Amino acid sequence: MRGNILRSYRELLTLLKRLPNDAQSAAGKEAKNEILAHKHETDSLKITDLHKQLIAKISFLRMTTTRRPGERSIQASGIFILRGGDLVEAESSSEQRAIGNQVNMSDFKQRHNTLLKRQHFGREPPSSHGKLF
(Lines give C-alpha, C1' and ligand atoms only; values in the text may rest on other atoms or scores of the structure.)
Protein backbone atom coordinates (compact mmCIF):
# COMPACT_ATOMS: atom_id res chain seq x y z
CA MET A 1 0.00 0.00 0.00
CA ARG A 2 2.81 2.40 0.89
CA GLY A 3 4.45 1.82 -2.49
CA ASN A 4 1.23 2.68 -4.32
CA ILE A 5 0.85 5.88 -2.34
CA LEU A 6 4.44 6.92 -3.05
CA ARG A 7 3.99 6.13 -6.74
CA SER A 8 0.84 8.25 -6.80
CA TYR A 9 2.62 11.07 -4.96
CA ARG A 10 5.46 11.04 -7.50
CA GLU A 11 2.91 11.13 -10.31
CA LEU A 12 1.19 14.09 -8.65
CA LEU A 13 4.50 15.95 -8.41
CA THR A 14 5.17 15.27 -12.08
CA LEU A 15 1.73 16.55 -13.04
CA LEU A 16 2.20 19.66 -10.90
CA LYS A 17 5.13 20.61 -13.14
CA ARG A 18 2.57 21.27 -15.88
CA LEU A 19 1.03 24.09 -13.84
CA PRO A 20 2.17 27.73 -14.17
CA ASN A 21 5.21 28.57 -12.01
CA ASP A 22 3.32 30.59 -9.40
CA ALA A 23 0.71 27.85 -8.80
CA GLN A 24 3.28 25.08 -9.07
CA SER A 25 5.19 25.86 -5.87
CA ALA A 26 2.06 26.42 -3.77
CA ALA A 27 0.45 23.20 -4.96
CA GLY A 28 3.69 21.28 -4.41
CA LYS A 29 3.97 22.53 -0.83
CA GLU A 30 0.33 21.67 -0.17
CA ALA A 31 0.81 18.13 -1.52
CA LYS A 32 3.97 17.62 0.54
CA ASN A 33 2.35 18.93 3.73
CA GLU A 34 -0.67 16.67 3.26
CA ILE A 35 1.48 13.58 2.72
CA LEU A 36 3.64 14.41 5.75
CA ALA A 37 0.60 15.15 7.92
CA HIS A 38 -0.72 11.61 7.35
CA LYS A 39 2.66 9.88 7.36
CA HIS A 40 2.01 7.94 10.57
CA GLU A 41 -1.61 7.03 9.85
CA THR A 42 -2.36 3.41 10.81
CA ASP A 43 -6.08 3.05 10.09
CA SER A 44 -6.32 1.20 6.77
CA LEU A 45 -9.73 2.70 5.90
CA LYS A 46 -8.42 6.21 6.46
CA ILE A 47 -5.31 5.44 4.37
CA THR A 48 -7.50 4.09 1.57
CA ASP A 49 -9.69 7.21 1.65
CA LEU A 50 -6.64 9.48 1.56
CA HIS A 51 -5.21 7.50 -1.36
CA LYS A 52 -8.52 7.85 -3.22
CA GLN A 53 -8.36 11.61 -2.69
CA LEU A 54 -4.81 11.65 -4.03
CA ILE A 55 -5.89 9.69 -7.12
CA ALA A 56 -8.80 12.09 -7.62
CA LYS A 57 -6.37 15.04 -7.63
CA ILE A 58 -4.17 13.21 -10.12
CA SER A 59 -7.15 12.51 -12.38
CA PHE A 60 -8.22 16.15 -12.22
CA LEU A 61 -4.73 17.35 -13.15
CA ARG A 62 -4.56 14.88 -16.04
CA MET A 63 -7.78 16.35 -17.44
CA THR A 64 -7.06 20.03 -16.86
CA THR A 65 -3.38 20.37 -17.68
CA THR A 66 -1.83 19.92 -21.09
CA ARG A 67 1.12 17.71 -21.77
CA ARG A 68 4.30 19.34 -22.91
CA PRO A 69 5.73 18.29 -26.26
CA GLY A 70 7.78 15.14 -25.85
CA GLU A 71 6.39 14.36 -22.40
CA ARG A 72 5.61 10.71 -21.94
CA SER A 73 2.39 9.43 -20.46
CA ILE A 74 2.69 8.84 -16.75
CA GLN A 75 0.09 6.13 -16.42
CA ALA A 76 1.40 2.75 -15.47
CA SER A 77 1.38 0.85 -18.70
CA GLY A 78 3.35 -1.81 -20.37
CA ILE A 79 3.23 -4.86 -22.52
CA PHE A 80 1.46 -7.74 -20.84
CA ILE A 81 1.54 -11.25 -22.26
CA LEU A 82 0.23 -14.60 -21.12
CA ARG A 83 2.96 -17.09 -20.24
CA GLY A 84 2.17 -20.41 -18.66
CA GLY A 85 -1.29 -19.26 -17.65
CA ASP A 86 0.01 -16.14 -15.85
CA LEU A 87 -0.22 -12.56 -17.04
CA VAL A 88 3.29 -11.09 -16.94
CA GLU A 89 4.74 -7.78 -18.01
CA ALA A 90 7.44 -8.40 -20.57
CA GLU A 91 8.53 -7.86 -24.10
CA SER A 92 7.10 -10.45 -26.41
CA SER A 93 9.53 -12.20 -28.65
CA SER A 94 8.91 -14.05 -31.86
CA GLU A 95 11.14 -16.93 -30.73
CA GLN A 96 8.68 -17.86 -28.01
CA ARG A 97 5.66 -17.65 -30.28
CA ALA A 98 6.86 -19.98 -32.99
CA ILE A 99 8.75 -23.04 -31.86
CA GLY A 100 10.79 -24.22 -34.77
CA ASN A 101 9.57 -24.04 -38.34
CA GLN A 102 7.04 -26.86 -38.11
CA VAL A 103 3.39 -25.90 -38.32
CA ASN A 104 0.73 -28.34 -37.24
CA MET A 105 -2.42 -27.48 -39.21
CA SER A 106 -4.65 -29.78 -37.16
CA ASP A 107 -3.94 -27.64 -34.07
CA PHE A 108 -4.88 -24.51 -35.99
CA LYS A 109 -8.09 -26.12 -37.27
CA GLN A 110 -9.03 -27.21 -33.78
CA ARG A 111 -8.37 -23.72 -32.40
CA HIS A 112 -10.40 -22.17 -35.24
CA ASN A 113 -13.36 -24.45 -34.58
CA THR A 114 -13.16 -23.77 -30.83
CA LEU A 115 -13.28 -20.04 -31.47
CA LEU A 116 -16.25 -20.47 -33.80
CA LYS A 117 -18.09 -22.46 -31.16
CA ARG A 118 -17.30 -19.78 -28.60
CA GLN A 119 -18.59 -17.11 -30.97
CA HIS A 120 -21.91 -18.96 -31.09
CA PHE A 121 -22.15 -19.23 -27.27
CA GLY A 122 -21.21 -22.91 -27.05
CA ARG A 123 -23.49 -24.12 -29.83
CA GLU A 124 -22.26 -25.60 -33.04
CA PRO A 125 -21.97 -22.90 -35.71
CA PRO A 126 -24.06 -23.15 -38.88
CA SER A 127 -22.52 -25.46 -41.44
CA SER A 128 -21.84 -22.69 -43.98
CA HIS A 129 -20.28 -20.31 -41.47
CA GLY A 130 -16.52 -20.00 -41.28
CA LYS A 131 -15.54 -23.49 -42.22
CA LEU A 132 -11.85 -23.87 -42.69
CA PHE A 133 -11.09 -25.99 -45.78
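Quick note: structure is the one above.
Residues numbered from 1 in each chain as written. Predicted model: local features only at pLDDT ≥ 70, side-chain atom pairs only at ≥ 80, totals over all residues. Heavy atoms only, no water.

(A) Geometry of the overall build of the chain. A tally of regular secondary structure across the chain gives five helices and two strands. Start at the N end of the chain and walk to the C end: the helices and strands fall as α-α-α-β-β-α-α. Expressed as a percentage of its 133 residues, the buried residues of the chain come to 17%. Residue pairs in contact within the chain that sit at least 24 positions apart in sequence constitute 47% of those at least 6 positions apart. Looking at the chain as shown, the accessible area adds up to about 11,200 Å², and 53% of this sits on carbon and sulfur atoms. (Helix = DSSP H or I, 4+ residues; strand = E, 2+ residues; numbered from the N terminus. Buried < 20%, exposed > 50% of the residue type's maximum accessible area, 1.4 Å probe, protein only. Contact = heavy atoms within 4.5 Å. Areas by Shrake-Rupley, 256 points an atom, 1.4 Å probe, with all protein chains shown as cover.)

(B) Fine view of the pattern of salt bridges. On inspection of all chains with the given rule, the structure shows three salt bridges. The partner of arginine 62 in a salt bridge is glutamate 11, and the shortest N-O contact between them spans 2.2 Å. Pair noted here: arginine 62 is in helix 3 (residues 44–64) and glutamate 11 is in helix 1 (residues 2–16), with a separation of 51 residues, a long-range link. Between glutamate 124 and lysine 117 there is a salt bridge, with the nearest N and O atoms lying 3.6 Å from each other. (Salt bridge = Lys/Arg side-chain N within 4 Å of Asp/Glu carboxyl O.)

(C) Local environment of the environment of glycine 28. Among the structural elements, glycine 28 can be located in helix 2 (residues 21–37). Considered as a pair, glycine 28 and leucine 13 are 15 residues apart in the sequence and their alpha carbons are 6.7 Å apart.

(D) Seen up close, the environment of glutamate 11. In this structure glutamate 11 comes out as buried when scored by relative accessible area, which is 13%. As for glutamate 11 and isoleucine 55, which are separated by 44 residues in sequence, their C-alpha atoms are 9.5 Å apart.

(E) Structural view of the layout of surface pockets. Each pocket or cavity is described by its volume, and for the largest pocket that value is around 640 Å³. Ranked by residue count, the leading element in the lining of the largest pocket is helix 3, at eight residues. Grouping the constituent residues of the lining of the largest pocket by class yields 15 nonpolar, three polar and six charged. (1 Å grid on protein atoms, 1.4 Å probe; cavity = no way out; pocket = protein on both sides within 12 Å on 5 of 7 lines; lining within 4 Å. Points joined across faces, edges and corners; volume = space filled by probe spheres on them. Nonpolar A, V, L, I, M, F, W, Y, C, P; charged D, E, K, R; others polar.)

(F) Quick peek at the nonpolar core. Tyr9, Leu12, Leu15, Leu16, Leu19, Ala31, Leu54, Ile58 and Leu61 together form the largest nonpolar core, which totals nine residues. Broken down by element, the residue count for this core peaks at four residues, all from helix 1. Those residues in contact with leucine 54 that sit more than four places away from it in its chain are Ile5, Ser8, Tyr9, Leu12 and Ile35. (Core = buried A, V, L, I, M, F, W, Y, C linked by side-chain atoms within 4.5 Å.)

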